[in-house]
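Read off the chains here:
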Amino acid sequence: MNHPLRKVVVPAAGLGTRFLPATKAIPKEMLPIVDTPTIQLIVEEALSAGAQEVVLVNGRGKGAIEDHFDRAYELEDQLQRKGKKELFEEVRRISDSVRLVSVRQKEPLGLGHAVLAARHAVGTEWFGVLLGDDVVDADEPAIGQLVRFARKTGKAAVALMPVPETQVHLYGVAAGRAIEGGHVEVDRIVEKPPRDRAPSTLAVVGRYVLPPDVFDILANLPAGAGGEIQLTDALAVLAQQKRLLGVRIQGVRHDAGDRLGYVQANVAYALKRPDLREPLLAWLREVVK
Ligand code: UTP
């Protein structure tokens, strides 16, 4: 990668079956962590790493995401009239902060297929991918940590974090030659391996920095696990070509795509809010007695 990060792809066309019935009419990415939709946290992470354009991969019935990043005239007008200046500014900030391009994935045929749908909007430059399922609370934005390594090494980068051995079957798992800082020159990467076949306990976190030729790789992939086009299979091709770095990212990761992880993320983020921390702590102490 020989330029700063400009474009990021945010796939949001999945069915969100793990969050039914909430996701029957509401996109999973709009479910809030305290009061902020996960997709807004993701977009803010990308912007604070310097990204200028977000390519949203959207599906049927998920227009609420686009509306969230659009101007909301009636709401803004009401807030102004009622003198709710801070709320007005917050709502305005969300739509002013981002240039969003939306593309359609016509059928949810997998994460790799979703990224491929962004091909024409991304063009021929390196780009980031961020998944709303992983919320990473970090001093340096997680995607920015990857960009730093991709620019230094010229390789694609995938975020990794160690997980307990009992959980490897839930994640993409990567292994390879360890280099300075605990990072890895990836030579093997597999999606959701059975526990006894996992090559390591380093799990993929949903952040990637990828070269434009990954689109050719994706376009030529056969369907993988679950009959879906898997992004992990494209990463495996990059790994075979010795072009993939596993970056152990710093920060606290919440698996917001899982119900328990989602509740934990809400508690963790609420505890960071000065107005919520004390009353929440008092209540938690009461209920865990
Ligand atoms: P997940 O597999 O976690 O999302 O994909 P999902 O399919 O919505 O969730 P469940 O398993 O049914 O509960 C990770 C991310 O990739 C997107 C999802 O929207 C999610 O943000 N995705 C997944 C797509 O955009 N298209 C797909 O075909 C699959």
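Anything mentioned here points back to the structure above.
The structure contained in this document is the topic of the report that follows. Quick caveat: nothing in here was measured; it's all calculated off a predicted structure.

Conventions used here
- Residues numbered from 1 in each chain as written.
- Predicted model: local features only at pLDDT ≥ 70, side-chain atom pairs only at ≥ 80, totals over all residues.
- Heavy atoms only, no water.
- Helix = DSSP H or I, 4+ residues; strand = E, 2+ residues; numbered from the N terminus.
- Rg over C-alpha atoms; globule rule 2.2 N^0.38 Å.
- Buried < 20%, exposed > 50% of the residue type's maximum accessible area, 1.4 Å probe, protein only.
- Contact = heavy atoms within 4.5 Å.
- Areas by Shrake-Rupley, 256 points an atom, 1.4 Å probe, with all protein chains shown as cover.
- Lys, Arg positive; Asp, Glu negative; His and termini not counted.
- Charge placed at Lys NZ, Arg CZ, Asp CG, Glu CD.
- Phe/Tyr/Trp six-rings, centres within 6.5 Å; stacked < 30°, edge-to-face > 60°.
- Lys NZ or Arg CZ within 6 Å of the ring centre and 35° of its normal.
- 1 Å grid on protein atoms, 1.4 Å probe; cavity = no way out; pocket = protein on both sides within 12 Å on 5 of 7 lines; lining within 4 Å.
- Points joined across faces, edges and corners; volume = space filled by probe spheres on them.
- Nonpolar A, V, L, I, M, F, W, Y, C, P; charged D, E, K, R; others polar.
- Axes fitted to C-alpha atoms, helices over the stretch in contact; angles between N-to-C directions.
- Parallel < 35°, antiparallel > 145°, perpendicular 65-115°, else oblique.
- Left-handed = near helix turned anticlockwise from the far one by under 90°.
- Near = heavy atom within 4 Å.
- Polar contact = N/O pair within 3.5 Å; in protein donor to acceptor, adjacent residues only side chain to side chain.
- Sits in = over half its atoms within 2 Å of the grid points.

1. What to know about the overall build of the chain
And then number 1: A count of helices and strands for the chain gives 11 helices and 13 strands.
And then number 2: Taking 289 residues into account, the globule formula puts the C-alpha radius of gyration at 19 Å, and the chain, at 19 Å, falls close to it.
And then number 3: Projecting the C-alpha coordinates of the chain onto the three principal axes gives extents of approximately 60 × 50 × 35 Å.
And then number 4: Among the 289 residues that make up the chain, the fraction classed as buried is 47%.
And then number 5: Considering only contacts in the chain between residues 6 or more positions apart, those separated by 24 or more positions represent 75%.
And then number 6: Accessible area of the chain: about 14,800 Å², with a carbon and sulfur share of 52%.
And then number 7: Separation between the mean location of the 38 positive side-chain charges and that of the 37 negative ones in the chain comes to 2 Å.

2. Things to note about the packing of aromatic side chains
And then number 1: This model, assessed by the stated rule, comprises 2 aromatic pairs.
And then number 2: Look at F19 and Y262: their rings are 5.3 Å apart centre to centre, the planes differ by 75°, and that puts the pair in the edge-to-face class. One end of the pair, F19, is in the loop between strand 1 (7–12) and strand 2 (32–33); the other, Y262, is in helix 10 (residues 259–271), and 243 residues separate them in sequence.
And then number 3: A relative accessible area of 15% places Y262 in the buried class.
And then number 4: Judged by centre distance (5.0 Å) and plane angle (5°), the rings of F127 and F215 are stacked. One end of the pair, F127, is in strand 6 (residues 127–130); the other, F215, is in helix 8 (residues 214–219), with 88 residues separating them in the sequence. For the pair formed by F127 and F215, the shared burial category is buried.
And then number 5: The residue whose ring lies beneath K272 is Y269, and the NZ or CZ to ring-centre distance is 5.5 Å.

3. Quick look at empty space enclosed by the protein
If a probe the size of a water molecule is rolled over the atoms, the empty space left behind becomes visible.
And then number 1: Under the counting rule described, the total for this entry stands at 2 cavities of 30 Å³ or more.
And then number 2: Forming the boundary of the largest cavity are F19, K28, E29, L31, T38, G132, D133, A256, G257 and Y262.
And then number 3: A per-class count over the lining of the largest cavity returns 4 nonpolar, 3 polar and 3 charged.
And then number 4: Lining the second largest cavity, in full, are Q40, V43, E44, L47, F69, R93, I94 and S97.
And then number 5: Breaking the lining of the second largest cavity down by element, the ones donating at least two residues are helix 1 (38–48) and helix 4 (85–96).
And then number 6: Counting residues per element, the lining of the second largest cavity draws most heavily on helix 1, which supplies 4 residues.
And then number 7: Within the lining of the second largest cavity, the residues separate by chemical class into 4 nonpolar, 2 polar and 2 charged.

4. A few points about the packing of helix 3 (residues 73–81) against helix 4
And then number 1: Following both chains from N to C, one finds helix 3 and helix 4 inclined at 155°, their axes separated by 9 Å at the closest point. Taken as axis vectors, helix 3 and helix 4 run roughly antiparallel relative to one another. Crossing geometry of helix 3 relative to helix 4 is assigned as left-handed. On helix 4, the residues touching L75, E76, L79 and Q80 of helix 3 are L87, F88, V91, R92 and S95.
And then number 2: Split by residue class, the contact of helix 3 with helix 4 holds 5 nonpolar, 2 polar and 2 charged.

5. Section: the side chain of S95
And then number 1: Positionally, S95 belongs in helix 4.
And then number 2: If sequence neighbours within four positions are ignored, S95 has contacts with F69, D70, R71 and E76.

6. Side note on the site of the ligand
And then number 1: The environment of the ligand is made up of 17 residues, and the closest members are T17, R18, Q105, G110 and D133.
And then number 2: Taking P11, its main chain carries an N or O atom lying 3.1 Å from an oxygen atom of the ligand.
And then number 3: One nitrogen or oxygen atom from the main chain of L109 is found 3.3 Å from an oxygen atom belonging to the ligand.
And then number 4: Surface burial for the ligand is 85%, taken as the share of its 560 Å² of free accessible area covered by protein chains.
And then number 5: Most atoms of the ligand, that is more than half of them, are within 2 Å of grid points of the largest pocket.
And then number 6: Looking at the shell around the ligand, the elements that each hand over two or more residues are strand 1 and helix 5 (111–116).
And then number 7: Residue composition of the shell around the ligand, by class: 8 nonpolar, 5 polar and 4 charged.

Honestly, it's all geometry; don't read function into it.
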